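A structural walkthrough
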Amino acid sequence: MLTKFETKSARVKGLSFHTKRPWILVSLHSGVIQLWDYRMCTLVDKFDDHEGPVRSVCFHEQQPLFVSGGDDYKIKVWNYKLRRCLFTLLGHLDYIRTVEFHQEYPWILSASDDQTIRLWNWQSRQCVSILTGHNHYVMCARFHPTQDLIVSASLDSSVRVWDISGLRSKNVAPGLGSSLLDEHPSLPHQFSGRGGGGGSHSRTTPELFSSGDAVVKHVLEGHDRGVNWAAFHPTLPLLLSGSDDRLVKLWRMSETKAWEVDTCRGHYNNVSCVMFHPRQELILSNGEDKSIRVWDLAKRVCLHTFRRDDDRFWVMAAHPTLNLFAAGHDSGMMVFKLERERPAYALNGNLLYYVKERFLRRLDLTKNKDVAIMQLRTTGRMTPPYSLAYNPAENSVLVTTRNTNTDNSCYDLYQVPKEESAGETTTPTEAAESKRAGGFTAVWVARNRFAVMDKHHQVTIKNLQNEITKKVAIPSNVDEIYYAGTGMLLLRDPENMSMFDIQQKRIMGTARVAKCRYVVWNNNLSIAAMLCKHNITILNRKMERLCSFTETSRVKSGAWDDSGVFIYTTSNHIKYALTNGDTGIIRTLDLPVYITRVQGTSVYCLDREPSPRVMTIDPTEYKFKLALVQRKYDEVLQMVRGAKLVGQSIIAYLQKKGYPEVALHFVKDERTRFLLALECGNVDVALEAAKALDDKACWEKLAEHALMHGNHPVVEYCFQQTKNYDKLSFLYLITGNLAKLKRMMKINEIRKDYEGWYTNALYLGDASERVRVLKSLGRTQLALLTAKTHGLEQEVESLASSCDIEVQVAPDATLLQPPVPVYSSGDAPWPALTKAKGFFDAAPSGSGASKTTTSAAIFGDEEDVVATAGDGWGEDSDEEVTAAAAAAGGSGEEKGEGGWDVDDDDLELPPDLDVSVAAGTATDGSGYYVPPPRAPPPSQGWSQRSQLAIDHVIAGSFESAARLLHQQVGVVNFEPYRALFLASYSHSRTSFPGAVGLPSLLAYPARNWRAAAQKDQLPVLGLTLRSCMDKLKEASQLTTVAKFTEAVAEFQAVLLCAPLLAVDTRQEVTEAQNLVRICKEYLVGIQMELQRKTLGKTSPEDIKRSLEMAAYFTHSDLQPGHQILTLRTAVNLAFKLKNYKMAMSFGRRLLNLGPRPEVAQTIRKVLQASEKNPVDAIEVQYDEHNPFNICAMSYVPIYRGKPEVTCPLCGASYLPEYAGKLCRVCTVAEIGKDCIGMRVSQLQFR
């Protein structure tokens, strides 16, 4: 049994599968009806209207309806789209056991504890017939799938078969089927079933003893106790019944009689439910003995038993079309399959080999020719082949069959018939010969060798005669092997996948992939996709992880595209994955399929029949992303222009990957286009979009971005659209556009905006205008003061007569002068630094193409001009070029004077004169001198060629260096690194004088100048591993003389230097890591000792804490000389505090280190004194026999197995509550941050 989905709930009494959607209805003993999506494992809806348990539910096959019956004597019909009860059918007088829709007619069949069976017309909401005859509870009633029959089971120990053909001819009108709701939506509710809601009831009482509309055809008596369930066979005249006598009985019936065929014995408690398998010769039953049993219909023997520990089973249901079953028990329900449906297949070029119905078939994908080439040996019912491996060299196949009992797993080695002798038109009738042996897995490892893993998980190599040639020793925890090319195997253990070389008998590489199920290699075996249940990991042949991603639904299969894209299927989608981790959906699936090959737009796959299928996909999206990743920009541009790439997802992808300018080529939505243009700095496109949107927020945002780009004409236009006159005036001031500023002042005067009028007068430095403003406001005194200050005598005389108060000007008054703009460019934007155009910026589009082509023909290619320009200003504007041309006399069309009087058109010269054009005056523009561009300094490439933080620091790229330190060792506090960064940067270059009057020249010494070319050189280092070792010795000497504060500073300095090292060998990498470890041990111990010395000596708590910390210090991994000092401190303190047992322990450890003779003599005396009374007066938190780490924040032990977090830089241990805080030891890293680790050599990146 393969469990696909399971729920936890109250006892499940009823189940029903939807015919088309992946839904299942579950009715509970608590009165709730649940609707589950078993493919996505989610609860879709919940219906709660019954009072008491709901014992049965059933979906309608065509309409969005389901029916339910419960212990409240009510039958309810629901519409799951409207999510409500449509109406209730009343008539039963006791619990309702089962309800069911008829497959064709508008009928509902119900069985009840009132000993009756009722037929209802759900369209007219009438009871059309009552079937009486049972004299106890009717536990079950079911329609026949194709005939006018009903079977019922009762606790009166009988099973009855009813003929309802008379009822059909009487009640069903010709041509009026179950589609009445769709064909006649206007029918009144008493016929159509619409309206009424959940509260409408229909109560009818037909004549109890009516004429023979439904008559008993057969009464089957053979059970000793009550019968709980009965069911028809879908095609044969057979019946099943399950009873409280623990038996499952098989009955056969004819037109005149019915009789018992056989009895299936095996249940040891009441049988709750029985059914025929819809597509195989099997019987399924479950019962209160907590088991589901599968029986062979022909032999009536139990094939399989599936048990639960604590739950009794009550009901079962089969999916109408799929190989799915559901069973309800005391604590929920489960959806399961009886057998694995994944087909066994193997692909070789254009030939697909697969197993179907015991035949090995070959499908030519190019010719679409599918033939059965041999019949395989059978291995028993319900055990389809697990895997198929084809060997093209020997034309052989390995077919592996697995059983739930691993002892019965085996493989068969077949020789495939040659193509000309294979049965092209006839199907083979006899099973082919094979070499069979026991084995869990069999895969090819060479042209005439294959590897077999047996039930004991031991691997042997066999030849084509099925003889063992070699035994291979593999790790004991390996539970599966996979093909990995000639002479190689992939080994799976519960946590990892390993590449194993059979010849060398060793593991070549390991990757952490948990519970891998299938492995899919690309064509050249360089990349493999590891398919797990819900995630996919892509590795290269060195077992290095390229990417990994998780799916919400189950991963089914996959294949590699010719372009290197992995196409895979889940339960409901075909998806793609790029090796950089980008994934997406190609199309949805109704049913799962298994991909065998992907070629262009065609996906060749097998369904669960299995039948070959070819599905068409649109590869545009993933090919577009692949071209972006591979930087094939010409292909990207071609796709953008010709393909239909739409949707927010592709736009979001381009934004995420840093290509907003690409999205601009095909985005039609103006708001999205506006935001993308702002992101990529294309102010012109943003202006067009803003004009189309005409939104105030857009104008304000555009003005802000345009101002950052120095495009003040666009800023002016935005302020004009939003009528922001204050900002507009200030813009004119800073751009030096005084003419427009005067115009703004006049506009403010007309608008009576006195504040703006006065502000503009201030900007212009116009004192007389300010006097006018103040006079208009009636502020005569301020106007007089302004006029008198600025020496406006006429204004002073006219204002003095109207002002009673004499105004005095301060002697130290200074005049307000408007600021002078730094650069006045008129209407042209401010000069911008040169920016190299990207591929998509240079691609012409629209009407601008002709202008660009003409300009290039005259002045040369634009990119060449940009390349030869320096790092200064950008291109001149068109107005400046025109003005320069006019100033140079290039245009003779100016108004006024006619220019130079040079009329040489009418000169008559002899035609035989031949004057060559002098060099340097060529008309093609090649005669002028173009200075070469300045070469970039060597430091520019250092950060590009190295992933070490120190190379980025030396190159001056402090930001990228800080980012690397954050990613590698979690540094968040960079203040201590300031001095190190600056010192390292200053060591990277030398300066020497050049020519007189010129600045000094810089030289960049290289550390790999002997081996590397100039373009690959890396800078010399001022910080080396040897210098760090010397600092470590100094810190050790300070520790020896007990200068702890200075020692802490030295150790921290060494610790900070460690991530900035650059070494060349593995040994040096190990030394650098040991350097960090030593610093950490000393820092934790010394800082704890400093903390201990601050404790008091009178409080019992302080005394106890002091003893504990002294004990912890002895467990720091220090040099032997320092370890002796810590133990001497601990011995003395423990002895003074009468903790003699602890003193003895410390003393013995000290003597083992070999101290000086006088120290050893003292310690032996302490041991002798302590042995007289080996007890501890103070109980402390210290267990020397249980290994522990010391929390560097709280200084308490963290014993092995307890949760802890560490510093990614120094490795200091902390309790979990300190995660996210700054490390006390190194003072720069974040505690508990997940980082890749310290990188000090390029070897660590290979």
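Parameters and conventions
- Within each chain, residues carry numbers counting from 1 in the order of the written sequence.
- Per-residue local features of the predicted model are confined to residues with pLDDT of at least 70, and side-chain atom pairs are confined, for both listing and counting, to 80 or more; whole-chain, interface and lining totals are unaffected and use all residues.
- In computing side-chain properties, one takes all heavy atoms of the structure into account and sets aside hydrogens as well as water.
- UniProt positions are given in the numbering used here, feature names are shortened, and annotations may be inferred rather than shown by experiment.
- The way it works is that DSSP assigns letters per residue, a run of H or I at least four long becomes a helix, a run of E at least two long becomes a strand, and they are numbered from the N terminus.
- The buried label goes to any residue with under 20% of its type's maximum accessible area, the exposed label to any with over 50%, and the partly exposed label to all in between, with areas taken from a 1.4 Å probe on protein chains only.
- Within this scheme the basic residues Lys and Arg register as positive and the acidic residues Asp and Glu register as negative, but His and the chain ends are omitted.
- Within this document, salt bridges are pairs made up of a side-chain nitrogen of Lys or Arg and a carboxyl oxygen of Asp or Glu, the two lying within 4 Å of each other.
- Whenever two N or O atoms come within 3.5 Å, that pair is a polar contact, provided that in protein one can donate a hydrogen and the other can accept it, and provided that, for residues adjacent in sequence, both atoms are side-chain atoms.
- Throughout, a residue-residue contact means that at least one pair of heavy atoms, one from each residue, lies within 4.5 Å.
- Any two strands with at least two DSSP bridges between them are considered paired.
- Confidence scores here are pLDDT values: one per residue, from the predictor, ranging 0 to 100.
- Patch definition: residues with relative accessible area over 30% and no salt bridge; like charges joined within 9 Å; nonpolar side chains (Val, Leu, Ile, Met, Phe, Trp, Tyr) joined within 5 Å.
- Here the open area of atoms and residues is found with the Shrake-Rupley method and a 1.4 Å probe, where only the protein chains shown may cover a residue.

Named according to an unreviewed UniProt entry, the chain is Coatomer subunit alpha originating from Hyalella azteca. According to UniProt, the comment filed for the chain under the heading Subunit (unreviewed entry) is "Oligomeric complex that consists of at least the alpha, beta, beta', gamma, delta, epsilon and zeta subunits. Interacts with SCYL1. Interacts with JAGN1. Interacts with TMEM41B. Interacts with SVEP1. Probably interacts with PEX11A."

Turning to the side chain of Asp 493, a few remarks are in order. Its place among the elements puts Asp 493 in the loop between β43 (488–492) and β44 (497–501). The side chain of Asp 493 sits in the buried core without any salt bridge; Arg 512 is the nearest counter-charge, 7.4 Å away. A distance of 2.8 Å separates the side chain of Asp 493 from the backbone nitrogen of Glu 495, its partner in a polar contact. Separated by 2.5 Å, the side chain of Asp 493 and the backbone nitrogen of Asn 496 make a polar contact. When sequence neighbours within four positions are dropped, the list of residues in contact with Asp 493 reads Asn 477, Val 478 and Asp 479.

A separate point is the pattern of salt bridges. For the coordinates displayed, the defined rule picks out 35 salt bridges. For Arg 308, the salt bridge identified is with Asp 311, shortest N-O distance 3.0 Å. Take Arg 308 and Asp 311: they sit in the same class, and that class is buried. Across the pair Arg 1105 and Glu 1108 runs a salt bridge, and its minimum N-O distance is 3.5 Å. With a gap of three residues between them, Arg 1105 and Glu 1108 both fall in helix α29 (residues 1100–1113), about one helical turn apart. By relative accessible area, which is 5% here, Glu 1108 ends up buried. What you see here is one network of salt bridges that share partners, running through Glu 6, Arg 308 and Asp 311.

A separate point is the pairing of strand β14 (residues 138–143). The side chains of a regular strand alternate between both faces of the sheet. Counting buried residues in β14 gives five out of six residues, a clear majority hidden from the surface. Note that β14 and strand β15 (residues 149–154) share five bridges and pair antiparallel. For Ala 141, the partnering residue across the bridge sits in β15 and is Ser 152. Hairpin connection from β14 to β15: five residues lie between these consecutive antiparallel strands.

The predicted model of the chain averages 82 in pLDDT, with 84% of residues at 70 or higher. Between residues 174–211, whose pLDDT stays under 50, and residues either more than four places distant or in other chains, the model counts 72 contacts. Taken as a whole, residues 844–907 scores under 50 in pLDDT and shows 30 contacts with residues more than four places along the chain or in a different chain.

Right, let's talk about a nonpolar patch on the surface for a bit. Together, Leu 707, Phe 730 and Ile 734 give the surface a local cluster of nonpolar side chains, amounting to about 240 Å² of exposed area. Along the polypeptide, Leu 707 turns up in helix α10 (residues 696–708).

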